[in-house]
Amino acid sequence: MHCSVSRTALSARLDGECLPEGVTDQAVREHLAGCVECSRWDRKARRLRSLFQDVAQPESEPTGALLERLRRAGRTERPSTDTGRPDA
Ligand SMILES: [Zn+2]
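We now turn to the structure provided with this report. (Residues numbered from 1 in each chain as written. Predicted model: local features only at pLDDT ≥ 70, side-chain atom pairs only at ≥ 80, totals over all residues. Heavy atoms only, no water.)

Points about the coordination of the zinc ion
Using the following cut-off: Counted as donors are N, O and S atoms no farther than 2.8 Å from the metal, or 3.2 Å for Na, K and Ca; water is not among the atoms, and sites may therefore look incomplete. Geometry is assigned from the angles between donors: four donors with all angles from 85 to 135 degrees make a tetrahedral site, four or six donors whose opposite pairs exceed 155 degrees while the rest stay between 65 and 115 make square planar or octahedral sites respectively, and everything else is labelled irregular. Burial here depends on accessible area, computed with a 1.4 Å probe over protein chains only, as a share of the maximum for the residue type. Under 20% is buried, over 50% is exposed, and the range in between is partly exposed.
The coordination sphere of the zinc ion contains the protein donors Cys 3 (SG), His 31 (NE2), Cys 35 (SG) and Cys 38 (SG), at a distance range of 2.0 to 2.4 Å. Each of the 4 donor atoms around the zinc ion contributes to a set of angles spanning 103 to 118°, which defines the coordination as tetrahedral. All donors of the zinc ion come from a single chain, and their spacing in sequence reads C-x27-H-x3-C-x2-C. With a relative accessible area of 13%, Cys 35 lands in the buried category.

Points about the packing of helix α1 (residues 3–14) against helix α2 (residues 25–34)
Applied cut-off: Convention adopted: a line fitted to C-alpha atoms gives each axis, helices being fitted over their contacting stretch, and angles between N-to-C directions are expressed from 0 to 180 degrees. The helix and strand labels rest on DSSP assignments: H or I over at least four residues marks a helix, E over at least two residues marks a strand, and numbering proceeds from the N terminus. Note that the term roughly parallel is reserved for angles under 35 degrees, roughly antiparallel for angles over 145, roughly perpendicular for angles of 65 to 115, and oblique for everything else. Left-handed is the label given to a crossing in which the near helix is rotated counterclockwise from the far helix by less than a right angle, and right-handed is the label when the rotation is clockwise. Note on definitions: a residue-residue contact is assigned when non-hydrogen atoms from the two residues lie within 4.5 Å. We call Asp, Glu, Lys and Arg charged. Ala, Val, Leu, Ile, Met, Phe, Trp, Tyr, Cys and Pro are nonpolar, and the rest, Gly among them, are polar.
It is the contact of α1 with α2, at a shortest axis distance of 10 Å, that shows an interaxial angle of 120°. Here α2 runs oblique to α1, going by the angle between their axes. Judged by the twist between their axes, the crossing of α1 over α2 is left-handed. In contact with Cys 3, Ser 6, Ala 9, Leu 10 and Arg 13 of α1, α2 contributes Asp 25, Val 28, Arg 29, His 31 and Leu 32. Counted by class, the contact of α1 with α2 contains 5 nonpolar, 2 polar and 3 charged residues.

Considering the nonpolar core
Keep this limit in mind: Think of a nonpolar core as a cluster: buried Ala, Val, Leu, Ile, Met, Phe, Trp, Tyr and Cys residues, connected wherever their side-chain atoms sit within 4.5 Å.
Residues Ala 9, Leu 10, Val 23, Val 28, Leu 32, Cys 35 and Cys 38 constitute the largest nonpolar core, which totals 7 residues. Contributions of two or more residues to this core are made by α1 and α2. With residues near it in sequence (within four places) discarded, Val 23 still touches Met 1, Val 5, Ala 9 and Val 28.

Considerations on the pattern of salt bridges
Pairing between side chains becomes possible if they bear opposite charge and their charged atoms approach one another. The test is simple: Salt bridge, as used here, is a side-chain nitrogen of Lys or Arg placed within 4 Å of a carboxyl oxygen of Asp or Glu.
Tallying each qualifying case throughout the model produces 7 salt bridges. Between Asp 25 and Arg 13 there is a salt bridge; the shortest N-O distance is 2.7 Å. Placement of the pair is Asp 25 in helix α2 and Arg 13 in helix α1, with a sequence separation of 12 residues. Put simply, Arg 29 and Asp 25 hold a salt bridge, and the shortest N to O gap is 2.6 Å. Here the residue Arg 29 and the residue Asp 25 both occupy positions in helix α2, the gap between them amounting to 4 residues, near one helical turn. A residue is classified by how much of its surface remains accessible, and Arg 29, at 45% relative accessible area, is partly exposed. The partly exposed category is assigned to Asp 25, whose relative accessible area is 29%. A single network of salt bridges, built from pairs that share partners, joins Arg 13, Asp 25 and Arg 29.

Comments concerning α1
Going by this rule: In this scheme, a helix's expected span is set at 1.5 Å multiplied by one less than its residue total. Think of it as the arc spanned by the lines of direction from the helix axis to the C-beta atoms.
An ideal rise of 1.5 Å per residue puts 16 Å on 12 residues; α1 measures up with 16 Å between its terminal C-alpha atoms. Listed in full, the buried residues belonging to α1 are Ser 6, Ala 9, Leu 10 and Ala 12. For α1, the arc enclosing every buried residue in end-on projection is 165°, short of the 170-degree limit, so these residues lie on one face. Of the residues flanking the end of α1, it is Gly 16, one or two places downstream, whose phi is positive at about 75°.

All quantities given are derived from atomic positions and should not be read as evidence of function.
What follows is the structure, encoded as structure tokens:
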């Protein structure tokens, strides 16, 4: 299975949609078992999805804890160099 096909299927599954034509759940699982890239992508997609669900239902979690999680999620992408302090 092609990685792009597998990711389309994973995304559909996360959204509760039908798998693409000709793709079985078994085939996706087998691909994930042998493809580090796709299993990493799947974990990331699940994490992003759970973050969005928290945003959609803010009462399910205290705002402070949610903001902390969002901050931590963003920290991996941007080093905290913008503290306003001159870097001399
Ligand atoms: Zn793959």
